[in-house]
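As a plain string of letters, each chain reads:
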Amino acid sequence: KEMVEIVEEKNFGKLPASMQHAAEEAYEALLHTRDGQLCDVIIDKAALDAVYEAGKASKAPIIRDYAESTVAVADIKIAVRSQKTAKSMEFMKRAMAECSSISVDQLSKAALSGQDSIREYLTGTAYAEGAEALADSPSAFERWCDNRIIQTISPQKYNAFTIGPVVAYVIARQNEIKTVRIILSGKLNDLPDDSIRERVREMYV
């Protein structure tokens, strides 16, 4: 919301330097094309790039690992959704952020060939479990995306004298809030217990 207000007001001075160019580009895109999705793509990719650069610059392993997992999982989600909506290679490359554990080029090409190709590509990466979840169901895949982040931070519970447990605690609380919302939404919509259980995320305990 804050980002949208800044773009609408063209008050880019409130943004970090790394985001100012993206905000200006998004503003111009919205002004000339009225394409809200393009505006979102520009800002979202810039945010992912900023997360990744902050992770690389950090001395804390958890922040580096979290940034890597966050960007990689985001790229995979973009590929899956782009495959379902028949997006172009150009769109995917514009939306995805580079990271060391995923090849944006190979993932985009796989998405153009279909979901089976995405799964085949993921099988050869550190995100092979994502391929299995994708084969199960859309909700299982979305669950895996969040679980992958929790799995990344879980080892931090044993690093009592670092910043790791604090960072992990914040991320874990966000995950728990999302899980509560999923359960409440499922109950309100009278979903079967098995369906709700499939959507429940792993906990950081």
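Residues numbered from 1 in each chain as written. Predicted model: local features only at pLDDT ≥ 70, side-chain atom pairs only at ≥ 80, totals over all residues. Heavy atoms only, no water.

Details of the overall build of the protein chain
Along the protein chain, the regular secondary structure elements total 11 helices and 0 strands. Going from N to C terminus, the protein chain has its helices and strands arranged as α-α-α-α-α-α-α-α-α-α-α. Across the 205 residues of the protein chain, 40% fall into the buried class. Taking as baseline every contact in the protein chain between residues at least 6 positions apart, the subset at least 24 positions apart corresponds to 53%. About 11700 Å² of surface is accessible on the protein chain, with carbon and sulfur atoms providing 53% of the total. (Helix = DSSP H or I, 4+ residues; strand = E, 2+ residues; numbered from the N terminus. Buried < 20%, exposed > 50% of the residue type's maximum accessible area, 1.4 Å probe, protein only. Contact = heavy atoms within 4.5 Å. Areas by Shrake-Rupley, 256 points an atom, 1.4 Å probe, with all protein chains shown as cover.)

Here's the deal with unusual backbone geometry
Notably, A86 is not glycine yet its phi reads approximately 55 degrees, a positive angle. Its identity as a non-glycine residue notwithstanding, D190 has a phi of 55 degrees, on the positive side. Mapped onto the elements, D190 comes out in the loop between α10 (164–188) and α11 (193–199). We classify D190 as exposed; its relative accessible area is 67%.

Concerning a negative patch on the surface
On the surface, a cluster of negative charge is contributed by E129, E132, D136 and E198. Here the negative patch takes 3 residues from helix α8 (residues 128–136), the largest share from any one element. By secondary structure assignment, the location of D136 is in helix α8. Residue D136 is classed as exposed on the basis of its relative accessible area, which comes to 60%. (Patch = residues over 30% accessible without salt bridge, like charges linked within 9 Å, V, L, I, M, F, W, Y side chains within 5 Å. Salt bridge = Lys/Arg side-chain N within 4 Å of Asp/Glu carboxyl O. Lys, Arg positive; Asp, Glu negative; His and termini not counted. Charge placed at Lys NZ, Arg CZ, Asp CG, Glu CD.)

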